[in-house]
Structure formats: C-alpha cells, structure tokens
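Summary of the model geometry
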Amino acid sequence: MAISPGSDAAFSGQKPTRSESPRSKKFLLTEEEIFYMNCRAAYLTVFKSSLDNIISKDQLYLALQHAGRNPSQKTINKYWTPQTAKLNFDDFCIILRKEKPTSKAELLKSFKQLDVNDNGSILHTDLYKLLTKKGEKMTREEVNAIINLADVNADGKFDYIKFCKLYMATNEQCLKTALEKLEVDSKLRRQQFGSHMEGSPERDPSPVPKASPRIIRKTDQESFSNKGIYFSEWQGVQSKGCFFLEEDGEIISHQYKMQIAQRSLVYITIKPLNLRKPSPWLSVDTALYILKENESQANLQLLCFTELRNRETFGWTGELGPGIYWLVPSTTGCRLRKEIKPVTEEAQLVYRDETGELFLTQEFRSTLSDIFEVIDLDGNGLLSLEEYNFFELRTSGEKCDEDAWAVCRENFDTKKNELTRQGFMDLNLMEANDREGDPRDLWVTLHSMGYNKALELTEACPFVIDIYADKCKPRIKAVHMEACSGQLEKAICKSVLNKGNAKVMDGYENIIIYTYKRDTWITSVIENKSDNKVIIHINNELSRNCVNNRGLDIFAVEVAPKSTMV
C-alpha cells in the first residue's frame with residue numbers, strides 16, 4: 001500500500017486480547033554499518049546534504065580529511081582527473097573503501113626507514129631531501145608544513161614519534177567531531193544512505209551481502225554519470241523486460257535468474273526503457289528485489305532491493321557470494337494504472353496501394369519496431385525462440401515450438417537462427433494478409449503489449465536491468481513472466497519490516513503499522529499478530545501532491561490473522 005505522511009488508520013473488528021510489544025530495532029552496528037556511518041558523517045561535515053556534489057579538488061581533500069584520511073596530491077589526482085566535473089556521495093564512499101586510513105604502525109615504519117641513527121628523529125635537511133626526491137614526492141610547501149609544526153620540531157630535527165601521535169590524534173578528533181555533529185543534527189541522522197538493511201528485527205544466520213552505496217555508471221544518458229572512478233575492467237550484462245497491466249489492474253512482469261560464479265562486488269540498476277519519443281512510462285517507479293536461491297526455488301531469502309536513486313534509475317551495490325539469485329522487478333502501481341478516458345479515434349495499421357497490395361502504415365511500423373526493442377531481451381538486435389515465446393505467451397497465450405520456429409526461419413529474414421527486425425515486421429504483415437487486411441488480430445497483439453487505440457504505450461512499462469561485477473561475468477536469464485505478487489509480496493513485507501518505522505495502533509497492541517519512507521514514495525505494511533482477522537480503514541484525504549496505488553483516498557483492507565499485508 002503506497003500512502004502519504006498524512007495517512008490516518010482506524011481499526012474495526014474484534015479487539016485483540018493478547019498483548020505483545022512491538023519489534024525491537026536496537027542491535028549492535030556491524031562493521032559495514034559503522035563504515036557507512038563514518039562516510040556520511042565526514043561528507044555531511046563538508047556539505048549540507050548527501051545530494052550535494054563534490055565540485056573541486058579542495059572539497060574532495062577536505063572531505064577525505066574529515067574521514068580520517070590524509071591524501072597526497074597524487075591520491076587526489078588519481079580520483080580527480082582532467083575529465084572529472086563532479087563526484088557524489090557514492091563516489092566518495094568508494095574512494096574511502098580503497099584509500100584505507102594509515103595506521104600508527106605503518107606510519108612509524110615509514111619514518112624509521114629515514115631514521116639513520118635510530119633515535120626517533122630525522123634531520124630537517126635529510127627529511128626535505130627524502131620527501132621531495134624519492135617515492136611519492138611531496139611539494140616544498142607540504143614538507144615546510146611538517147617542519148613548521150612547533151610541537152614535533154626542535155634544533156633542526158623532526159621528532160617523528162611525536163608526529164605520529166599528533167597525526168593519529170588529529171585524525172581521530174576529525175572523525176569524532178564529524179560523528180558528534182551527525183548525532184546532534186536529527187535531520188542529518190534521518191537521511192537515508194547506503195543500501196544496507198538497518199535494524200533488521202531478525203538476524204538471519206545465513207550470510208548476507210556487504211552493501212555499498214555505489215551504482216555503476218555507463219553513460220550520462222543510460223545510467224549514473226561517473227568521471228573519477230574507473231570500471232573499464234568490470235564485466236557487465238544487460239537484460240530488458242516489461243511491466244504489463246492486466247484487465248483487473250494486476251501487474252505482471254518478467255522475472256530473472258542471475259548467476260554469480262565467484263564472490264564479487266556487484267552493481268545492479270533498473271530503470272524504464274527509453275524508446276523513440278518521450279513517454280509517460282518514463283515516470284513509472286521501478287524496483288528490483290534480489291533474493292538468494294538456497295536449496296530450492298521455494299526457499300528464497302530476501303537479500304536487498306534497489307533503494308538507491310538517481311532520477312528514474314534505481315540501484316543497489318554490494319558484495320555477493322557465488323550462487324543463483326532471483327531478480328524480481330516491482331512497481332507500486334501508483335503511476336502504471338488504467339487509463340481514465342478512452343481513446344475514441346483508432347489509428348490505421350494497414351493500407352493498400354493502387355495495385356491492391358497490403359502494407360503496414362509507417363506509424364504501425366514504428367510501433368512494431370518499439371515492440372521489437374522491448375522483446376529483444378538481450379539487446380542483440382535479434383529475437384531468439386526463447387525471446388519470441390515471451391511475446392507469444394503475452395499476446396496469444398501459446399508457445400511457438402521448434403517445428404513452427406523452423407518454418408518461421410524459412411519464410412522470414414533471420415540471422416544466426418534468430419529473427420531480425422525486418423523478419424518481425426514481415427511476420428506481422430503476413431498476419432494482416434491472412435486476415436485480408438482485417439486489423440482485429442493485430443489490435444489484440446497491440447492491446448496485450450499495452451498500447452491503446454492511438455498507438456500510445458499506456459498500460460505497460462518496459463525496463464532495462466544492468467549488472468556489473470568486478471571478479472566474474474554475471475549471467476542473467478528471464479525465466480518466466482508472472483504477477484507481481486506472492487514471492488514479491490513477501491519480499492516487500494520483509495524489507496519494510498526490516499527498514500521501516502514501527503507504530504502500534506492505539507488501543508490494539510497486536511496491530512503494528514510499519515512505514516518505510518523514501519524521497520519519492522512511502523510504503524506501509526500492516527502486521528496483524530492477533531488470532532482474528534481485522535479490517536483496517538485508511539484515510540488519505542489529508543495527503544497533498546501524492547498518488548496511491550489504489551486510486552482512492554478512503555478505503556479498507558482486510559488482514560488475515562498472523563499475517564502481514566502491503
């Protein structure tokens with residue numbers, strides 16, 4: 001149930017008799033959670049919001065210092081190249097993961113190599129000569145800054161033991177100050193960062209992925225822009241799919257299996273597929289739930305979902321071990337919904353020339369080309385039998401067998417045993433000829449694919465999934481097309497219970513409302529812990545600038561005993 005902050009819930013039904021306290025959310029922070037807390041504390045010491053970008057080398061240097069790093073100019077230049085225009089919070093976290101803070105032991109070891117007398121000090125002349133001539137050379141100004149520190153310099157000598165103590169204390173104080181600022185400022189503390197699942201009410205003993213707030217960038221148009229980090233050696237794969245709106249308002253979509261051969265850092269994004277012209281489905285919200293396949297398909301463990309966002313792109317990044325994972329796309333249904341006013345004028349699909357020969361209209365050909373783009377799941381410009389059968393099941397409810405596919409290859413343009421775009425056009429033209437120009441069967445196909453009478457795609461949302469891994473080439477395969485319910489409902493419930501705020505309904509301790517808020521949507525889950533079914537009345541009349549997936553401001557839902565409902 002997608003609702004807005006002004007929602008008011010009321011309960012009707014038999015009052016529960018058993019009293020239970022709400023789920024406790026207090027757990028010790030994991031190492032990964034501490035890392036992200038430190039990242040955002042440092043970032044928000046320099047910037048007002050995690051949405052602000054680093055736009056200069058000086059800002060990058062300052063943010064890294066607040067994170068307990070002391071980067072050299074070479075380190076800064078490594079991440080801020082001549083092509084870099086900006087870095088964001090995600091980039092900053094990746095840099096911190098790569099640039100580990102220097103330990104006191106490492107620092108002392110480095111200086112001891114310069115201490116020829118082994119007395120804990122280095123002559124200024126030797127220090128200057130070594131730091132500006134060897135290794136990662138420092139500038140004259142950088143060396144002078146060290147020599148001018150009064151507490152660690154005397155009689156022309158540099159006391160590196162005192163310096164190491166001062167260096168570590170300063171770094172710790174920077175990070176401590178940043179964390180204290182984050183703790184005091186409640187607004188900053190409420191900001192959402194990273195993609196780890198905070199405060200899970202039930203720690204699963206099985207391993208979960210290490211999360212990282214980073215989304216892969218391919219190009220400025222297709223995904224998040226990136227100028228400062230290098231991913232050229234990463235291996236990627238892409239697959240397309242589509243949400244389809246059924247007559248009863250239910251949404252179905254492709255579902256996928258992903259294989260990771262070895263433990264890798266993985267980047268996954270999903271976004272609406274941009275076709276030939278600006279379209280309403282580009283505003284449809286998309287999400288991808290990632291589930292781990294254990295012993296069987298029925299035993300799937302929710303790991304995470306794509307809660308990071310950059311405009312229409314949603315993503316997740318983290319470490320995944322080897323195995324099979326299910327990728328289940330989701331949309332709330334707030335924007336993908338039935339048209340309110342029907343189209344009265346019907347587009348022309350076919351026409352005959354002076355000789356009586358039948359042709360497809362240009363507008364229909366353009367629409368078929370877009371359909372081809374959507375059903376070409378791997379994006380290779382050809383339709384395999386497997387891809388074509390997703391289309392056939394959607395439009396006719398039947399599959400094309402091997403014999404029928406062989407006939408298709410004999411009569412229409414193919415390449416490498418796969419149907420070309422022209423072959424797909426000719427196949428539809430043949431269907432029109434078989435009906436002597438009657439377009440009714442063509443309209444059945446178009447309506448099944450989400451098009452209205454004006455050839456506008458209004459009841460479907462094509463999307464594209466990108467996956468990258470640093471250690472192996474990921475594999476993805478569309479396995480079936482199903483309603484966005486069942487396994488998905490369980491995944492959404494679990495994610496909201498894990499990450500949302502819990503509130504016990506007044507007077508009914510066994511009814512708990514979990515609300516998970518993001519920058520553009522809110523999802524609520526109702527948990528009924530009682531032994532009786534309950535009816536929850538929802539009133540959204542106080543909400544402003546919002547839409548919900550039910551299309552009504554006031555409605556009621558029935559929640560079965562011992563169950564949860566989105």
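Each chain carries its own residue numbering, running from 1 in the direction its sequence is written. For a predicted model such as this one, the threshold for reporting local features is a pLDDT of at least 70, and the threshold for listing and counting side-chain atom pairs is 80 or more; totals across whole chains, interfaces and linings nevertheless cover every residue. Only heavy atoms go into the side-chain values, all of them from the structure, while hydrogens and water stay out.

1. Quick look at the overall build of the protein chain
Secondary structure elements are defined from DSSP: runs of H or I of at least 4 residues count as helices, runs of E of at least 2 residues count as strands, and each element is numbered from the N terminus. A tally of helices and strands in the protein chain yields 15 helices and 25 strands. Among the 566 residues that make up the protein chain, the fraction classed as buried is 48%. Looking at the protein chain alone, contacts between residues at least 24 apart form 71% of all its contacts between residues at least 6 apart. Just so you have it, the protein chain exposes about 29,400 Å², and 49% of that area is on carbon and sulfur atoms. Only protein chains enter the accessibility calculation, which uses a 1.4 Å probe; a residue is then buried when its area is under 20% of its type maximum, exposed when over 50%, and partly exposed in between. Pairs of residues are marked as contacts when any of their non-hydrogen atoms sit within 4.5 Å. Areas reported as accessible are Shrake-Rupley estimates using a 1.4 Å probe. Residue values count occlusion only from the protein chains shown.

2. Description of the environment of Asn-153
Relative to the assigned elements, Asn-153 resides in strand S3 (residues 153-154). The spatial distance from the C-alpha of Asn-153 to the C-alpha of Leu-123 is 9.6 Å, given a sequence separation of 30 residues. Setting aside anything within four residues of it in sequence, one finds Asn-153 in contact with His-124, Ile-146, Ile-147, Asn-148 and Phe-158. Any pair of nitrogen or oxygen atoms within 3.5 Å is treated as a polar contact; in protein, a donor-acceptor pairing is required on top of that, and neighbouring residues in sequence qualify only through side-chain atoms on both sides. Of the polar contacts made by the side chain of Asn-153, one reaches the side chain of His-124; its length is 2.7 Å. A distance of 3.0 Å separates the side chain of Asn-153 from the backbone oxygen of Ile-147, its partner in a polar contact.

3. Overview of a positive patch on the surface
Side chains of Lys-74, Lys-133, Lys-137 and Arg-140 sit close together on the surface and give a patch of like positive charge. Tracing the backbone shows Lys-133 in helix H6 (residues 124-133). Patches here: salt-bridge-free residues with over 30% relative accessible area, like charges joined within 9 Å, nonpolar side chains (Val, Leu, Ile, Met, Phe, Trp, Tyr) joined within 5 Å. The term salt bridge refers to a side-chain nitrogen of Lys or Arg lying within 4 Å of a carboxyl oxygen of Asp or Glu. Counting rule applied: Lys, Arg positive; Asp, Glu negative; His and chain ends not counted. Think of each charge as sitting on NZ of Lys, CZ of Arg, CG of Asp or CD of Glu.

4. Observations regarding the pairing of strand S9 (residues 287-293)
In terms of burial, S9 is largely enclosed, as seven of its seven residues are buried. Burial along S9 is two-sided: Ala-287, Tyr-289, Leu-291 and Glu-293 and Leu-288, Ile-290 and Lys-292, pointing in opposite directions, are all buried. As paired elements, S9 and strand S13 (residues 323-330) share six bridges and run antiparallel to each other. Counterpart to Ile-290 in the pairing with S13 is Leu-327. Only strands that DSSP links by at least two bridges are regarded as paired with each other. Relative to strand S10 (residues 300-305), S9 is paired through five bridges, and the arrangement is antiparallel. Paired with Leu-291 across the two strands is Leu-302, which belongs to S10.

5. What to know about the sheet that holds strand S22 (residues 522-528)
Strands sit in the order S20-S21-S22-S25 across an open sheet of four strands; the sheet is antiparallel. Both edges of this open sheet fall to strand S20 (501-505) and strand S25 (563-565), since each of them pairs with a single strand only. Strand-to-strand, the axes of this sheet are offset by a mean angle of 25°, without reference to chain direction. Taken strand by strand, helix H15 (residues 487-499) contacts S20, strand S21 (508-517), S22 and S25, and its axis lies near 95° from that of S22. Lines are fitted to the C-alpha atoms to define the axes, a helix being fitted only along its stretch in contact, and any angle between axes, read from their N-to-C directions, falls within 0 to 180 degrees.

6. Quick notes on the environment of Glu-312
For Glu-312, the position within the fold is in the loop between strand S11 (308-310) and strand S12 (313-320). For Glu-312, a relative accessible area of 31% corresponds to the partly exposed category. Between the alpha carbons of Glu-312 and Ser-283 there is a distance of 6.9 Å; along the sequence they are 29 residues apart. Look past the residues within four positions of Glu-312 in its chain and what remains in contact with it is Ile-270, Lys-271, Pro-272, Leu-282 and Thr-286.

7. Focus: unusual backbone geometry
A positive phi angle, near 55°, is found at Lys-416, a position not held by glycine. Within the secondary structure, Lys-416 sits in the loop between strand S16 (414-415) and strand S17 (418-419). Residue class for Lys-416 comes out exposed when judged on its relative accessible area of 71%. The backbone phi angle of Asn-417 is positive, close to 65°, even though this residue is not glycine. Of note, Asn-417 is situated in the loop between S16 and S17. Given the relative accessible area of 51%, Asn-417 is considered exposed.

8. Things to note about the packing of helix H11 (residues 385-395) against helix H14 (residues 440-448)
Taken N-terminus to C-terminus, the directions of H11 and H14 make an angle of 105°; their axes are 9 Å apart at the nearest point. By the angle between their directions, the pair H11 and H14 is classed as roughly perpendicular. Together, Phe-391, Arg-394 and Thr-395 of H11 and Val-444, Thr-445 and Ser-448 of H14 make up the contact between the two elements. Tallied by class, the residues present in the contact of H11 with H14 amount to two nonpolar, three polar and one charged. In what follows, roughly perpendicular refers to angles from 65 to 115 degrees, roughly parallel to angles under 35, roughly antiparallel to angles over 145, and oblique to any angle outside these ranges. Amino acid classes used here: Ala, Val, Leu, Ile, Met, Phe, Trp, Tyr, Cys and Pro are nonpolar; Asp, Glu, Lys and Arg are charged; the rest, including Gly, are polar.

9. Observations concerning helix H1 (residues 31-46)
If you check H1, its first and last C-alpha atoms are 24 Å apart, about what 16 residues at 1.5 Å a residue would give, namely 22 Å. Among the residues of H1, Glu-32, Glu-33, Phe-35, Tyr-36, Cys-39, Arg-40, Ala-41, Ala-42, Tyr-43 and Leu-44 are the ones counted as buried. Helix span, as expected, comes to 1.5 Å for every residue beyond the first.

10. A look at the packing of H1 against helix H4 (residues 89-98)
At their nearest, the axes of H1 and H4 sit 10 Å apart, and the two run at 120° to each other. Taken together, the axis directions place H1 and H4 in an arrangement best described as oblique. As H1 packs across H4, the resulting crossing turns out to be right-handed. Listed contacts from H4 to Glu-32, Phe-35, Tyr-36, Cys-39, Arg-40, Ala-42 and Tyr-43 of H1 are Phe-89, Phe-92, Cys-93, Leu-96 and Arg-97. Looking at the contact of H1 with H4 residue by residue, the classes come out as nine nonpolar, no polar and three charged. Crossings are sorted by hand: turned counterclockwise from the far helix by less than a right angle, the near helix makes the crossing left-handed, and turned clockwise it makes it right-handed.

11. A word on the pattern of salt bridges
What the rule picks out here adds up to 12 salt bridges. In this structure, the salt-bridge partner of Lys-78 is Glu-99, at a minimum N-O distance of 3.4 Å. Remark: Glu-99 occurs in the loop between H4 and helix H5 (104-112) and Lys-78 occurs in helix H3 (residues 73-79); sequence separation between them is 21 residues. For Glu-246, the salt bridge identified is with Arg-394, shortest N-O distance 2.8 Å. Taken together, the positions of Glu-246 in the loop between strand S6 (235-245) and strand S7 (251-260) and Arg-394 in helix H11 put the pair 148 residues apart, joining distant regions of the chain. For Glu-246, a relative accessible area of 25% translates into the label partly exposed.

12. Re the confidence of the model for the protein chain
Per-residue confidence for the protein chain gives a mean pLDDT of 79, with 83% of residues at or over 70. Note on scores: pLDDT gives the predictor's confidence for each residue, bounded by 0 and 100. Every residue in residues 1-27 is under pLDDT 50, and counting partners more than four places away or in other chains gives 80 contacts. For residues 186-230, every residue scores under 50 in pLDDT, and the model assigns this stretch 153 contacts once sequence neighbours within four places are set aside.

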